[in-house]
Amino acid sequence: IKSKPSKNNIHQLSTTTLEQYKMGNSASSEEVSELLSKGAMIVDVRSPGEFAGGHAKGAVNYPLDSLSSKMDALKEANKPIVFCCASGNRSGQATGMAKNDLPQEVVNGGPWQNVQKVLSSM
């Protein structure tokens, strides 16, 4: 028999979900364009197989499950970072991780096709 969550647990869950949602919001095309014009690094956090099936021009593939081991390299790059993936979910998670660990500006670029569209319009 499952017990009902208390009011405090529901509030805590709602707050956590809201924070995750905020991290997951994709940047606007204008924000992505501005960072790319500053020489931002594009980091695709999908699996290598997904990446091989298509990716934004110039993107590097650092899968989300191994991203924490790449934080030093990202820090040393000393460039803004645009994360992308298939839908914006994993890149949102990556953005949340990076905002805690990196000094440079990082954004969730959303789906890699959106980042590619911005690149193509520059």
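What you see is a predicted model, and the numbers here were worked out from it, not measured in a lab. (Residues numbered from 1 in each chain as written. Predicted model: local features only at pLDDT ≥ 70, side-chain atom pairs only at ≥ 80, totals over all residues. Heavy atoms only, no water.)

**Quick look at the overall build of the chain**
Then step 1. Along its length, the chain carries 6 helices and 4 strands.
Then step 2. Its helices and strands in sequence order give the chain the pattern α-α-β-α-β-α-β-α-β-α, from N to C terminus.
Then step 3. Of all 122 residues assigned to the chain, the portion counted as buried reaches 37%.
Then step 4. A total of about 7500 Å² of accessible surface is found on the chain, and carbon and sulfur atoms cover 51% of it. (Helix = DSSP H or I, 4+ residues; strand = E, 2+ residues; numbered from the N terminus. Buried < 20%, exposed > 50% of the residue type's maximum accessible area, 1.4 Å probe, protein only. Areas by Shrake-Rupley, 256 points an atom, 1.4 Å probe, with all protein chains shown as cover.)

**Details of helix α2 (residues 29-37)**
Then step 1. Residues of α2 that are buried: Val32, Leu35 and Leu36. Viewed end-on, α2 has its buried residues packed into an arc of 100 degrees, placing them on one side of the element. Within α2, the exposed residues directed more than 90 degrees away from the buried face are Glu30 and Ser37.
Then step 2. Taken together, the buried residues of α2 touch β1 (41-44), β3 (81-85), β4 (106-111) and α6 (112-121).
Then step 3. Positive phi appears at glycine 39, one or two residues downstream of α2, with a value of about 85 degrees. (Arc of directions from axis to C-beta. Contact = heavy atoms within 4.5 Å.)

**A short note on the side chain of arginine 46**
Then step 1. Within the secondary structure, arginine 46 is located in the loop between β1 and α3 (48-52).
Then step 2. Judged by relative accessible area, arginine 46 falls into the buried class, the value being 4%.
Then step 3. Only 3.2 Å separates the side chain of arginine 46 from the backbone oxygen of glutamate 50, close enough to count as a polar contact.
Then step 4. For arginine 46, the residues in contact, after removing those within four places along its chain, are Phe51, Gly54, His55, Asn61, Pro63, Cys85, Ala86, Arg90 and Trp112. (Polar contact = N/O pair within 3.5 Å; in protein donor to acceptor, adjacent residues only side chain to side chain.)

**Structural notes on the environment of glycine 109**
Then step 1. By secondary structure assignment, the location of glycine 109 is in strand β4.
Then step 2. Take glycine 109: its relative accessible area is 5%, and that puts it in the buried class.
Then step 3. When the C-alpha positions of glycine 109 and cysteine 84 are compared, they lie 5.1 Å apart, and in sequence the two are 25 residues distant.
Then step 4. Setting aside anything within four residues of it in sequence, one finds glycine 109 in contact with Ser26, Val32, Val82, Phe83, Asn114 and Val115.

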